[in-house]
Amino acid sequence: MSIIFKKKKYNRIIIFIKSAVVFLVISTLVLIFLNHFLLRKNTAARALLNNLREEESKYINLISDLDQNSNSNKNSYNYFNLIYTLVKKADDIIYNSIQIKDKHLNLDAEGSDYNSILVLEEKLKKDRHLKEVELAEINRNYQFKIKAVISLQ
Amino acid sequence: MFNNYYSVTIPAENKLKNLVARAKNHKINFIDGINELSSIGKIKKFNFNCHYVVLLPASSLFYHSVALEEKNPYKISEDNILNKFAEVKENFEDEFYYDYLEVVGESEEREIKFFAAKKDLLDPITADMEKYKNNYIVSALPVAVFSVINKIVKAKNYLLYYKINDSYTIISALNNKIDLLQSSVKEKELKEVIEENKKYYLNNKEIELEVLEGKSDLLNLGDYMDLKNDDFVFLTSLLWSINRCQ
């Protein structure tokens with residue numbers, strides 16, 4: 001026996017499901033937005049990183065170029081020394097050509113007599129910057145060719 | 001597991017009286033006694049794990065007893081009943097919530113005990129519960145009290161009076177069926193009104209009513225709960241709510 005003026009019975013399961021769906025939709029939207037935002041940030045950061053890498057490689061190249069330049073300067077300096085030595089060691093020798101390729105020296109010259117040529121050969125053999133010094137050719141006009149390997153150490 | 005809490009709310013003047021209890025394994029524990037609130041939304045246990053029951057006291061109800069004149073005893077025409085009130089009050093259906101009990105006397109006389117409550121008084125009380133989608137039920141306090149007491153008392157014809165909001169409500173029962181309802185009886189008039197009722201039944205129906213005072217002893221709970229006499233209405237309401245909502 002009862003009098004009922006007003007009565008409401010809400011289905012808890014449906015209310016829960018509705019709330020869960022709303023929560024999921026909102027979460028998904030938030031995640032999509034966040035993902036998009038982070039993706040843009042990531043792209044920008046990646047572009048910046050690439051730029052920095054390019055800059056880095058540019059500077060590394062510059063540094064290695066500088067090293068190479070200093071090496072070539074050193075080599076040219078040594079070759080210059082070598083020529084200076086050759087000229088200094090033979091007063092009566094006329095050098096027709098001095099060819100240096102891959103550290104191999106080909107000397108084409110003309111002497112006044114045999115003795116001067118042999119003296120030069122001996123002097124070159126004693127030089128610490130030259131090794132495997134060899135008198136390759138010699139003719140009657142005292143024209144000769146000397147081959148050697150340059151050691152720049 | 002869930003819904004072990006029961007909240008019983010009885011409106012008083014410009015405020016609400018509320019009791020929250022937990023009923024589990026045949027034990028009832030009161031959470032925080034009877035509290036006065038401005039709205040149901042301020043109940044401490046205001047959540048989904050609670051049965052909310054609002055019981056309107058007799059003073060805020062519109063009560064009327066109507067004799068049925070239907071030819072078909074198994075069919076009650078609601079329009080027929082409402083027509084009677086339309087003569088008194090226009091737009092009755094729009095302004096009131098209503099429900100009724102059908103009472104069949106020993107002589108097969110059939111009556112409708114009609115109860116109505118004003119919508120503009122009731123809707124603000126239930127607003128919070130609708131807003132937060134809480135399950136609730138709004139019923140009539142005298143009917144709830146009568147329903148519980150009627151199962152306990154041995155007498156068939158009796159007069160029950162109980163105190164609510166500083167005044168008394170009197171319910172008379174004939175053959176274990178609710179008959180008359182009087183509300184807002186002042187304490188000094190109580191004795192006189194009870195005597196008048198007894199004389200009325202004695203003179204007109206030759207029935208002597210047993211007078212029952214609405215107090216906790218009536219519920220035969222013994223030491224089951226520690227209660228004050230004033231808590232009779234709330235305790236009865238709580239028992240009715242637990243029985244109704246389980």
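Above this text is the structure in question.
Everything in this summary refers to the structure shown in the same document.

Cut-off values and rules
- Residues numbered from 1 in each chain as written.
- Chains lettered and ligands numbered in written order.
- Predicted model: local features only at pLDDT ≥ 70, side-chain atom pairs only at ≥ 80, totals over all residues.
- Heavy atoms only, no water.
- Helix = DSSP H or I, 4+ residues; strand = E, 2+ residues; numbered from the N terminus.
- Buried < 20%, exposed > 50% of the residue type's maximum accessible area, 1.4 Å probe, protein only.
- Contact = heavy atoms within 4.5 Å.
- Salt bridge = Lys/Arg side-chain N within 4 Å of Asp/Glu carboxyl O.
- Core = buried A, V, L, I, M, F, W, Y, C linked by side-chain atoms within 4.5 Å.
- Buried area = accessible area lost by both parts, 1.4 Å probe.
- Patch = residues over 30% accessible without salt bridge, like charges linked within 9 Å, V, L, I, M, F, W, Y side chains within 5 Å.
- Areas by Shrake-Rupley, 256 points an atom, 1.4 Å probe, with all protein chains shown as cover.
- Pairing = 2+ DSSP bridges.
- Axes fitted to C-alpha atoms, helices over the stretch in contact; angles between N-to-C directions.
- Phe/Tyr/Trp six-rings, centres within 6.5 Å; stacked < 30°, edge-to-face > 60°.
- Parallel < 35°, antiparallel > 145°, perpendicular 65-115°, else oblique.
- Nonpolar A, V, L, I, M, F, W, Y, C, P; charged D, E, K, R; others polar.

### Considerations on the overall build of chain A
Argument step 1. Each helix and strand in chain A was counted, giving two helices and five strands.
Argument step 2. Scanning chain A from its N terminus toward the C terminus, one meets helices and strands in the order β-α-β-β-α-β-β.
Argument step 3. Counting the 153 residues in chain A, one finds 19% classified as buried.
Argument step 4. Across chain A, the fraction of contacts at a sequence separation of at least 24, relative to all contacts at a separation of at least 6, is 45%.

### Here's the deal with the pattern of salt bridges
Argument step 1. By the definition in use, this model includes 10 salt bridges over all chains.
Argument step 2. Salt-bridge contacts for Lys58 of chain A lead to Glu55 of chain A; the nearest nitrogen and oxygen are separated by 3.6 Å. In this pair, Lys58 of chain A and Glu55 of chain A are both assigned in helix α1 (residues 12-89), three residues apart and thus about one turn of the helix distant.
Argument step 3. A salt bridge links Lys15 of chain B to Glu36 of chain B; its shortest N-O distance comes to 3.3 Å. Residue Lys15 of chain B is located in strand β2 (residues 15-24), and its partner Glu36 of chain B is located in strand β3 (residues 27-37); the two are separated by 21 residues in the primary sequence.

### Some words on the nonpolar core
Argument step 1. Of all hydrophobic cores here, the largest spans 62 residues; its most connected members are Phe5 of chain A together with Phe115 and Tyr162 of chain B.
Argument step 2. The contact partners of Tyr162 of chain B, leaving out residues within four places of it in the chain, are Leu141, Pro142, Val145, Ser167, Tyr168, Thr169, Ile171, Gly214, Phe232 and Val233 of chain B.
Argument step 3. By size, the runner-up hydrophobic cluster in this structure holds 16 residues, among which are Leu82, Leu105, Ala109 and Val133 of chain A.

### Details of unusual backbone geometry
Residue and element names in this part refer to chain B.
Argument step 1. Phi is positive for Asp166, close to 65°, though the residue is something other than glycine.
Argument step 2. Relative to the helices and strands, Asp166 is located in the loop between β9 (158-164) and β10 (167-174).
Argument step 3. One non-glycine residue with positive phi stands out, namely Glu206, at about 55°.
Argument step 4. Tracing the backbone shows Glu206 in the loop between α5 (187-205) and β12 (210-213).

### Details of the interface of chain B and chain A
Argument step 1. Listed as interface residues are 29 residues of chain B and, on the opposing side, 12 residues of chain A.
Argument step 2. Contact between chain B and chain A buries roughly 1900 Å² in total, counting both sides, with carbon and sulfur atoms accounting for 59%.
Argument step 3. Area buried by chain B at its contact with chain A is led by Lys133, Asn135 and Tyr136 of chain B, which between them contribute 27% of it.
Argument step 4. On the surface where chain B and chain A come into contact, there are three salt bridges.

### What to know about a nonpolar patch on the surface
Argument step 1. Together, Ile13, Phe16, Ile17, Val21, Val25 and Leu29 of chain A line one region of the surface with nonpolar side chains, adding up to about 610 Å² of accessible area.
Argument step 2. Exposure remark for Val25 of chain A: the relative accessible area of 45% places this residue in the partly exposed category.

### Concerning the sheet that holds strand β6 (residues 96-104) of chain B
Residue and element names in this part refer to chain B.
Argument step 1. Strand order in the open sheet formed by three strands is β5-β7-β6, and the pairing between neighbours is antiparallel. At either margin of the open sheet sits one strand with a lone partner, and together these are β5 (62-67) and β6. In this sheet, adjacent strand axes meet at a mean angle of 20° when their direction is disregarded.
Argument step 2. By the bridge criterion, six bridges tie β5 to strand β7 (residues 110-118) in an arrangement that is antiparallel. Residue pairing across strands places His64 opposite Phe114, the latter belonging to β7.
Argument step 3. Contacts from helix α3 (residues 119-131) reach β6 and β7, with the element oriented near 65° to β7.

### Details of the packing of aromatic side chains
Argument step 1. The tally for this structure, following the rule as stated, stands at eight aromatic pairs over all chains.
Argument step 2. Plain terms: the ring middles of Tyr114 of chain A and Tyr142 of chain A are 4.9 Å apart, the flat faces sit at 85° to each other, and that makes the pair edge-to-face. With Tyr114 of chain A in helix α2 (residues 114-126) and Tyr142 of chain A in the loop between β4 (130-138) and β5 (143-150), this residue pair connects regions lying 28 residues apart in the sequence.
Argument step 3. Judged by relative accessible area, which is 27%, Tyr142 of chain A ranks as partly exposed.
Argument step 4. Where Phe146 of chain B meets Tyr158 of chain B, the ring centres are 6.3 Å apart and the plane angle is 25°; that geometry is what we call stacked.

### Comments concerning the packing of helix α4 (residues 141-152) of chain B against helix α6 (residues 232-245) of chain B
Residues and elements named next belong to chain B.
Argument step 1. As a packed pair, α4 and α6 sit with axes 9 Å apart at the nearest point and diverge in direction by 80°. Taken together, α4 and α6 sit at an angle that is classed as roughly perpendicular. Between α4, through Leu141, Ala144, Val145, Ser147, Val148, Ile149 and Lys151, and α6, the contact on the second element is made entirely by Phe232, Val233, Thr236, Ser237, Leu239, Trp240 and Asn243.
Argument step 2. Across the contact of α4 with α6, the residue classes break down as nine nonpolar, four polar and one charged.

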